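The residues making up each chain are set out below.
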Amino acid sequence: MEFKYNVVKGSSTGKLVQCDVTSQLQSHQVYVETTHSGLCGTDEHYLRANQALGHEGIGIVRGVGSAVKSVKAGDRVGFGYTHEICANCDNCAQGWDQFCRDQKQYGFSDFDNGTFSSGAVWDEKCVYPIPEGYDSAHAAPLMCAGATVWTVLSSFGITARDRVAVMGIGGLGHLAIKLAAALGCHVVVLSSSESKRQEAMEYGASEFHVFRSGETPAEPIKPLNHLLLCGSGSVDYKSLIPLMDTQGSIYPLTVAFEPAAVPMLDVLFKGIKIQGSLVASRAAMRSLLEFAARKNITPTIMTYPLNVEGIEAAMQDLRDGKVRYRAVLVRDHAEQRPNTP
């Protein structure tokens, strides 16, 4: 079964290029007609690469391979960072597919498929049914931003008794606040701007503190059990360690390419853990969608047309800090959707 579709790729000059693609559907694959795509800061990293961009897709299944059983034509699904997993890998079979080195992931392989597209060919095991009634525009950012923070909140022993801090109210941070609050955690927000206090409290925060990395807090902060770093990738760990409770955990969720200095003696004295986390497992993706739909948790979004012009506008707004808080590209876009609570 052959499908033709177009994708938007990066290029050596950084200019977006629309390309036509023809793919032969394999027995384990599905063809998804893309209706929505989130925009992530990671897409900027591949702007000068000859690859299809986008990894927060929502669409309708239009074709299925002969061995596909989990979805059918007409189903609404999400598809994201992982394109395909191994058929016979023990890690993948046990649900630990986020640790598998042989899977196909965004930026590393399968360069003709992405979510900035009219369609995509994906492994059936890496597409996720969207709960009925949950808006596709809200589901798109869950495919990466939501999944990134949900993996931390659901995989590392965080409980409703814990003081869970979120540093940075942005694309990741605002979702971390909403999800942690819905889990019953005592959410502490650390922000560089007092102007975001009311918004943070509306999202579910229990405390708000103005804090800038590298500085001493203006007021005492009760020790934190967990700290999700959702703002700048450049972090001054020396200023963060005093905020943490004994055996607390810090989760860096944004990328910086420069090495970070970690005060090891301070880390050892308090038993602090710096825990990495990147790609969500399939189990985490499914549980996130179910939880978000059940609790009616939605990202705060702005929408743009799903075409080259719309992508360029959204990317420029992201660079300029104008997106609050996730940009979503929508096919057949009529008008820009206002931010949602």
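Just so you know, these numbers come straight off a predicted model, no measurement behind them.

The rules behind the values
Residues numbered from 1 in each chain as written. Predicted model: local features only at pLDDT ≥ 70, side-chain atom pairs only at ≥ 80, totals over all residues. Heavy atoms only, no water. Helix = DSSP H or I, 4+ residues; strand = E, 2+ residues; numbered from the N terminus. Rg over C-alpha atoms; globule rule 2.2 N^0.38 Å. Buried < 20%, exposed > 50% of the residue type's maximum accessible area, 1.4 Å probe, protein only. Contact = heavy atoms within 4.5 Å. Areas by Shrake-Rupley, 256 points an atom, 1.4 Å probe, with all protein chains shown as cover. Lys, Arg positive; Asp, Glu negative; His and termini not counted. Charge placed at Lys NZ, Arg CZ, Asp CG, Glu CD. Salt bridge = Lys/Arg side-chain N within 4 Å of Asp/Glu carboxyl O. Axes fitted to C-alpha atoms, helices over the stretch in contact; angles between N-to-C directions. Parallel < 35°, antiparallel > 145°, perpendicular 65-115°, else oblique. Nonpolar A, V, L, I, M, F, W, Y, C, P; charged D, E, K, R; others polar. Expected span 1.5 Å × (residues − 1). Pairing = 2+ DSSP bridges. pLDDT = per-residue confidence, 0-100. Phe/Tyr/Trp six-rings, centres within 6.5 Å; stacked < 30°, edge-to-face > 60°. Left-handed = near helix turned anticlockwise from the far one by under 90°. Disulfide = S-S within 2.5 Å.

### Focus: the overall build of the protein
Here is step 1 of the chain: Of regular secondary structure, the protein possesses 10 helices and 17 strands.
Here is step 2 of the chain: Computed over its C-alpha atoms, the radius of gyration of the protein comes to 20 Å, within 12% of the 20 Å expected for a compact globule of 341 residues.
Here is step 3 of the chain: In terms of its C-alpha atoms, the protein occupies a principal-axis envelope of roughly 60 × 45 × 40 Å.
Here is step 4 of the chain: Taken across its 341 residues, the protein has 55% of its residues classed as buried.
Here is step 5 of the chain: Relative to all contacts within the protein whose residues are 6 or more apart in sequence, the contacts with residues 24 or more apart total 68%.
Here is step 6 of the chain: Accessible area for the protein stands at about 15,200 Å²; split by element, carbon and sulfur atoms hold 50% of it.
Here is step 7 of the chain: Looking at the protein, you have 31 positive and 35 negative side-chain charges, and the mean spots of the two groups are 3 Å apart.

### A short note on the pattern of salt bridges
Here is step 1 of the chain: Scanning the model with the defined rule gives 12 salt bridges in all.
Here is step 2 of the chain: Here E84 ties to K104 by a salt bridge, and the two come within 3.8 Å at their closest N and O atoms. With E84 in strand 6 (residues 82–84) and K104 in strand 7 (residues 104–105), this residue pair connects regions lying 20 residues apart in the sequence.
Here is step 3 of the chain: Looking at E84, the relative accessible area reads 17%, which means it is buried.

### Some points on the packing of helix 4 (residues 145–155) against helix 9 (residues 282–295)
Here is step 1 of the chain: With their axes 10 Å apart at the nearest point, helix 4 and helix 9 run at an angle of 100° to one another. As the angle between them shows, helix 4 and helix 9 are arranged roughly perpendicular. Residues G146, A147, W150 and T151 of helix 4 form the contact with helix 9, whose participating residues are A284, M285, S287, L288 and F291.
Here is step 2 of the chain: Taken together, the residues that form the contact of helix 4 with helix 9 break down as 6 nonpolar, 3 polar and no charged.

### Remarks on helix 9
Here is step 1 of the chain: With 14 residues, helix 9 should reach 20 Å at 1.5 Å per residue; the first-to-last C-alpha distance of 20 Å fits that figure.
Here is step 2 of the chain: Among the residues of helix 9, those classed as buried are R282, A284, M285, L288, L289, F291 and A292.

### Describing the sheet that holds strand 10 (residues 163–167)
Here is step 1 of the chain: Pairing is parallel across the open sheet formed by 6 strands, whose spatial order is 12-11-10-13-14-15. Every interior strand has two partners, whereas the edge strands, strand 12 (207–210) and strand 15 (273–274), have only one.

### So, the environment of L16
Here is step 1 of the chain: By the element assignment, L16 lies in the loop between strand 1 (2–9) and strand 2 (17–24).
Here is step 2 of the chain: Its relative accessible area of 7% is what places L16 among the buried residues.
Here is step 3 of the chain: Remark: the alpha-carbon pair of L16 and G146, spanning 130 residues in sequence, is separated by 26 Å.
Here is step 4 of the chain: Beyond its immediate sequence surroundings of up to four residues, L16 is in contact with V8, K9, L47, L53, V308, I311 and E312.

### Details of the confidence of the model for the protein
Here is step 1 of the chain: Of all residues in the protein, 93% attain a pLDDT of 70 or more, and the chain-wide mean is 93.
Here is step 2 of the chain: Note that pLDDT drops below 50 for residues 335–341; the model gives that stretch 23 contacts with residues more than four away or on any other chain.

### Here we look at helix 4
Here is step 1 of the chain: Within helix 4, 9 of the 11 residues are buried, which leaves it mostly tucked inside the rest of the structure.
Here is step 2 of the chain: The set of residues buried in helix 4 consists of A145, G146, A147, T148, V149, W150, T151, V152 and L153.
Here is step 3 of the chain: If you follow the buried residues of helix 4, they end up packed against strand 10, helix 5 (173–182), strand 13 (224–229), strand 14 (244–252), helix 9 and strand 17 (326–330).

### Here's the deal with the packing of aromatic side chains
Here is step 1 of the chain: According to the stated counting rule, one finds 7 aromatic pairs in the structure shown.
Here is step 2 of the chain: Each ring, one from Y46 and one from Y106, has its centre 5.2 Å from the other, and the planes form 75°; the classification is edge-to-face. Separated by 60 residues along the polypeptide, Y46 in the loop between helix 1 (42–45) and strand 4 (57–64) and Y106 in the loop between strand 7 and strand 8 (119–123) bring together distant segments of the chain.
Here is step 3 of the chain: Overall, the relative accessible area of 15% leaves Y46 in the buried class.
Here is step 4 of the chain: For the ring pair W150 and F291, a centre distance of 4.9 Å and an interplane angle of 35° mean the geometry is tilted. With W150 in helix 4 and F291 in helix 9, the pair connects residues that are 141 residues apart, well separated along the chain. Across the pair, F291 and W150 agree in class, each one buried.

### Focus: the packing of helix 4 against helix 5
Here is step 1 of the chain: Between helix 4 and helix 5, the least distance of the axes is 9 Å, while the angle of their chain directions is 45°. Viewed along their axes, helix 4 and helix 5 adopt a mutual orientation that is oblique. Crossing angle aside, the handedness with which helix 4 passes helix 5 is right-handed. Here A145, G146, V149, W150 and L153 of helix 4 come into contact with helix 5, specifically with L175, A176, L179 and A180.

### With respect to the state of the cysteines
Cysteine pairs can be linked by a disulfide, which is a covalent bond between their two sulfur atoms.
Here is step 1 of the chain: Considering all chains together, one arrives at 0 disulfides under this definition.
Here is step 2 of the chain: Left unpaired, C40 is separated from the closest cysteine sulfur, that of C144, by 4.1 Å.

### Considering the environment of K322
Here is step 1 of the chain: Structurally, the position occupied by K322 is in the loop between helix 10 (308–319) and strand 17.
Here is step 2 of the chain: Residues K322 and M244 lie 78 residues apart in sequence; the distance between their C-alpha atoms is 32 Å.

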